[in-house]
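Structural characterization, general
The residues making up each chain are set out below.
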Amino acid sequence: MPPIVQATEGIDPNAIRVLITGFGPFGKYKENPSWLAVRPLHNTILYTDPPTDLLTPSDQAAMITDEMEEFLRRPQQIHITTFEVPVSYQAVLSIVPGLHARPPVLPEPSDPSLAMPPPPANGFDFIFHVGVAGRGPLRIERVGHKNGYRMKDADGEYAPIVHLPKDPIRDNADAELERMERMLVGSSLPGPSGPEGPGPSEVMEIPPVPNRGFGKGYENFPDELSTEIDVPKLIVHLKENGIDQVYSSMDAGHYLCDYIFYCSLAESKRHVTPQEKFKERSTPPKTTPVLFMHCPPVDQPLSTEQVTDAIQRIVLWVCGRQHQS
């Protein structure tokens, strides 16, 4: 496990700036396992490993000057800021856009001992969200979903209702299906009796379930957004380095974890910034890479320390590739 080193001497102005979020309490979790794993990394530093190979096939034989090689070979400081997000749809909608602003806007932490370091003027270089799932391995998500959120959050509130665009073919099919369902329900009910015998069955109205998810401000984003991080390669890297309890997933669950992932991916695309071919650290990447990982409850089977270790190794891998790009 990489050592946890506090940033006691300030932040290198050329540091790669990383934001990691965990979730707050909800349900049976007085302390969310995701936050227990994320919190120890607040205001800490890591260093990228010097790359073993400066050229990759995608470089297409790009020329590496002596100055560029020296820059790329130099270990790069990574500074980590952490933040606890309430398990609330409204909290996600109000907080996440600010995380992607330039400079970022972070609310005051609920824990006064977690003082926020100065945010990076040009935005974070990597935003990594962590949330809890059921018992099992770590699960690195690849896709966030815009619609289909039916469960209440920790405040007992639903996600906003979103009216989907009209699809005539689909609407006609849905209407016919609904008509048949009502007929089936009606035929199973006893009809009223009268002088002339049993009457016709009553038709029970079944109110449609409203679609919930992202509406105003997200109309132009697609139904699914994918992370630009190469998750399969990341999984291989983790397994090669002793983290076997990990796999990738295409279904983040249509709850708060999925919600924050989609929101963060959308805001990253909203804040696209021009990128120079060979840039200093003061110039942000074209889009901020966004990743989400589900962790299990504590010791089911991974300990908090093991999850923290995996988070650090993911940060090192993602930021190491950024340093080379």
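Here is a short report on the structure shown in this document. (Residues numbered from 1 in each chain as written. Predicted model: local features only at pLDDT ≥ 70, side-chain atom pairs only at ≥ 80, totals over all residues. Heavy atoms only, no water.)

**Some points on the overall build of the protein**
The helix and strand tally for the protein stands at 7 helices and 12 strands. Within the protein, buried positions represent 45% of all 325 residues. A separation threshold of at least 6 residues defines the contact pool for the protein, and within that pool the share at least 24 residues apart is 84%. (Helix = DSSP H or I, 4+ residues; strand = E, 2+ residues; numbered from the N terminus. Buried < 20%, exposed > 50% of the residue type's maximum accessible area, 1.4 Å probe, protein only. Contact = heavy atoms within 4.5 Å.)

**Looking at the sheet that holds strand β2 (residues 16-23)**
A sheet is described by the order of its strands in space; here 8 strands give the open sequence β1-β3-β4-β2-β5-β12-β6-β11, paired in mixed fashion. Of all the strands in the sheet, the pair left with one neighbour each is β1 (5-6) and β11 (246-249). Pairing analysis gives 3 bridges linking strand β6 (residues 138-141) to strand β12 (residues 290-295), with the strands arranged antiparallel. Bridge pairing in β12 places Glu141 opposite Phe292. (Pairing = 2+ DSSP bridges.)

**Quick word on helix α6 (residues 256-270)**
Taking 1.5 Å of rise per residue, 15 residues should cover 21 Å, and α6 covers 21 Å from first to last C-alpha, within 8% of that figure. Along α6, 13 of the 15 residues are buried, which leaves the element largely enclosed by surrounding structure. (Expected span 1.5 Å × (residues − 1).)

**Here we look at the state of the cysteines**
Cysteine pairs can be covalently joined through their sulfur atoms, and such a bond is termed a disulfide. For the structure shown, the criterion picks out 0 disulfides. Unpaired in terms of disulfides, Cys257 finds its nearest cysteine sulfur in Cys295, a separation of 8.5 Å. (Disulfide = S-S within 2.5 Å.)

**Examining unusual backbone geometry**
Note the cis peptide between Arg102 and Pro103, where omega equals 0°. The topology assignment puts Pro103 in the loop between α3 (89-99) and β5 (126-132). Cis rather than trans, the peptide bond between Gln300 and Pro301 has omega equal to 5°. Following the sequence through the fold, Pro301 ends up in the loop between β12 and α7 (304-324). Not every positive phi belongs to a glycine, and His254 is a case in point at roughly 55°. You can call His254 partly exposed: its relative accessible area is 24%.

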